[in-house]
Amino acid sequence: MRIVFFGSGEFGIPTLDALLAAGHDIPAVVSQPDRPSGRGGKVRPTPLAARAAEHGLAVTTPVKPNTPEFEAELRALEPELAVVVAYGHLIGKPLLAVPRKGFVNLHASLLPAYRGAAPVPWAILSGESVSGASVFRLDEKFDTGGVIDRVELPISDDDTSGSYLEKLAPAGAALMVRAVQAIADDSAVVQVQDDSQASRAPKFTKEDGRIDWSRPFAEIERRVRAFQPWPQAFTVFETNRGPLRVNVGAMVRADGSAATVAPGGIVQADAKAGLVVMTRDGPARLAVVQPEGKKRMADTDFLRGTTIKGMSKNT
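Cut-off values and rules
- Residues numbered from 1 in each chain as written.
- Predicted model: local features only at pLDDT ≥ 70, side-chain atom pairs only at ≥ 80, totals over all residues.
- Heavy atoms only, no water.
- Helix = DSSP H or I, 4+ residues; strand = E, 2+ residues; numbered from the N terminus.
- Contact = heavy atoms within 4.5 Å.
- Core = buried A, V, L, I, M, F, W, Y, C linked by side-chain atoms within 4.5 Å.
- Buried < 20%, exposed > 50% of the residue type's maximum accessible area, 1.4 Å probe, protein only.
- Salt bridge = Lys/Arg side-chain N within 4 Å of Asp/Glu carboxyl O.
- Phe/Tyr/Trp six-rings, centres within 6.5 Å; stacked < 30°, edge-to-face > 60°.
- Lys NZ or Arg CZ within 6 Å of the ring centre and 35° of its normal.
- Arc of directions from axis to C-beta.
- Expected span 1.5 Å × (residues − 1).
- Bend = angle between axes of the 7 residues up to and from the residue.
- Axes fitted to C-alpha atoms, helices over the stretch in contact; angles between N-to-C directions.
- Parallel < 35°, antiparallel > 145°, perpendicular 65-115°, else oblique.
- Left-handed = near helix turned anticlockwise from the far one by under 90°.
- Nonpolar A, V, L, I, M, F, W, Y, C, P; charged D, E, K, R; others polar.
- Pairing = 2+ DSSP bridges.

Draft legend 1. Fine view of the side chain of S131. Topologically, S131 is positioned in strand 8 (residues 130–137). Beyond its immediate sequence surroundings of up to four residues, S131 is in contact with A108, S109, L110, A123, V151, E152, L153, I155 and Y164.

And the structure:
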């Protein structure tokens, strides 16, 4: 089948690879424009665009895809189907009408659950033990189209959003290959989503990562995992060098109740024993941390060069 692929993030790479391996003709990949990334701010293509280039595929990067100019470009490619995986733009009605067999999207949730830009972080935040991926037909609304197929995948107790997406991506790729074959054979069965069962998964901001130590340990620990690799759960300590923002990479329950310490209080900050902060229902050791501008490290390594005086009043 002749397919135009829309994608930007790493999550879509296995799907692109799988569709090519299945023998589908992909005349072009549509991705977001190159942008500065990394510490050096070097302008780079999106991960999906870079992968497409490795395959020798044509890549187009419209700043705004919903324009008459891009519609004409897409129409000239004569696609039978368009596949969307983590592209980052809504597709408007004029574009939806271009491929003869429409648009299909791979979404990282079991729709109608977690419609939106951040389904995996929201699933982890909510304490789900199972999520998965869905292939659905795009319409003019956001993640509301009929579902063609789903795959379930357990969420482990130690999964971050990043690790879960790494496991889900190949399963989603296989799901998309099956769905595309069903569309090609005109055997796809589309299930209308039950809007009454829908939940939202809007995108986050960096400030959403700020830890509220008055919350229970389990809730904070899920936030730490859900916000990796972005936006990162963080707190701000007062140190011997002034206020310091510290991302929390992993936390575990610490021994003892420390009943006299209020939530957000420093229970322990020792280069040998580690860094422990009080939550609503008990102490938590911040086993892995990343001070602003530094690499991830063990809490004991962090404390060898830093003296914690307390929690910042802005936390």
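Draft legend 2. Structural detail: the nonpolar core. Counting 41 residues, the largest nonpolar core has F5 and V83 as the members making the most contacts within it. Looking at this core element by element, the count peaks at eight residues for helix 6 (residues 161–184). Look past the residues within four positions of F5 in its chain and what remains in contact with it is G12, T15, L16, L19, I26, A28, V29, V30, L48, V83 and V85. Ranked by size, the runner-up nonpolar core spans 20 residues in total, among them I220, L244, V248 and L303.

Draft legend 3. Layout of the pattern of salt bridges. In this structure the tally under the stated criterion is 14 salt bridges. The partner of R285 in a salt bridge is D299, with the nearest N and O atoms 2.7 Å apart. Of the two residues, R285 is situated in strand 14 (residues 282–291) and D299 in helix 8 (residues 299–305); the sequence distance between them amounts to 14 residues. A single salt-bridge network, built from bridges that share partners, covers D17, R51 and E54.

Draft legend 4. Here's a closer look at the packing of aromatic side chains. The final tally for this structure, using the stated rule, is five aromatic pairs. An angle of 80 degrees between the planes, with centres 5.4 Å apart, marks the rings of F6 and Y87 as edge-to-face. With F6 in strand 1 (residues 2–7) and Y87 in the loop between strand 6 (81–85) and helix 4 (93–96), this residue pair connects regions lying 81 residues apart in the sequence. As far as the burial class goes, F6 and Y87 line up, both buried. Taking the centre distance of 5.1 Å and the plane angle of 20 degrees together, the rings of W122 and F204 count as stacked. Here F204 lies in the loop between helix 6 and helix 7 (217–226) and W122 lies in helix 5 (residues 119–125), a separation of 82 residues in the sequence. Chaining the aromatic ring pairs together yields one cluster made of F6, F70, Y87 and F103. For the cation-ring pair, R245 lies above F234, with the distance from its terminal atom to the ring centre recorded as 3.6 Å.

Draft legend 5. Expanded view of helix 2 (residues 47–54). Within the sequence span of helix 2, burial applies to L48, A49 and A52. Taken around the axis of helix 2, the buried residues stretch over an arc of 100 degrees, which confines them to a single face. The exposed set on the far side of helix 2, more than 90 degrees from its buried face, consists of A53 and E54. Looking one or two residues past helix 2, G56 carries a phi angle of roughly 75 degrees, positive in sign.

Draft legend 6. How the structure looks around helix 6. For helix 6, which comprises 24 residues, the first-to-last C-alpha distance of 33 Å matches the rise-based estimate of 34 Å (1.5 Å per residue) to within 8%. Helix geometry: helix 6 is bent most strongly at L168, by close to 30 degrees, with proline P170 lying one to four residues after it. If you check which residues of helix 6 are buried, you get S161, Y164, L168, A169, G172, A173, L175, M176, A179, V180, A182 and I183. Once helix 6 ends, the next one or two residues include D186, with phi positive near 60 degrees.

Draft legend 7. Structural context of the packing of helix 1 (residues 13–21) against helix 2. Two elements in contact, helix 1 and helix 2, have axes whose closest approach is 9 Å; the angle formed by their N-to-C orientations is 25 degrees. Put simply, helix 1 runs roughly parallel to helix 2. Where helix 1 crosses over helix 2, the two elements pack in a sense that is right-handed. Residue-level inspection shows I13, L16 and D17 of helix 1 in contact with helix 2, the latter providing P47, L48, R51 and A52. Split into classes, the residues belonging to the contact of helix 1 with helix 2 amount to five nonpolar, no polar and two charged.

Draft legend 8. Highlighting the environment of D301. In this fold, D301 is placed in helix 8. With 260 residues separating them in the primary sequence, D301 and G41 have C-alpha atoms 28 Å apart.

Draft legend 9. Broad picture of the pairing of strand 6. Within strand 6, five of the five residues are buried, which leaves it mostly tucked inside the rest of the structure. Side chains of strand 6 alternate between two faces, with L81, V83 and V85 and A82 and V84 buried alike. Pairing geometry for strand 1 and strand 6, over five bridges, is parallel. What sits directly across from V4, in strand 6, is A82. Inspection of the sheet shows strand 6 paired to strand 7 (residues 103–107) by four bridges, in the parallel sense. Counterpart to V83 in the pairing with strand 7 is V104.

Draft legend 10. Expanded view of the sheet that holds strand 1. With mixed pairing, seven strands are arranged side by side in an open sheet as 5-2-1-6-7-8-9. If you trace the sheet from one side to the other, it starts and ends with strand 5 (59–60) and strand 9 (147–154), each paired once. Here seven bridges tie strand 8 to strand 9, and the two strands are oriented antiparallel to one another. When the bridges of strand 9 are listed, A133 appears paired with V151. Strand contacts of helix 3 (residues 68–76): strand 1, strand 2 (25–30), strand 5 and strand 7, with the helix running at about 145 degrees to strand 1, the strand carrying the most contacts.

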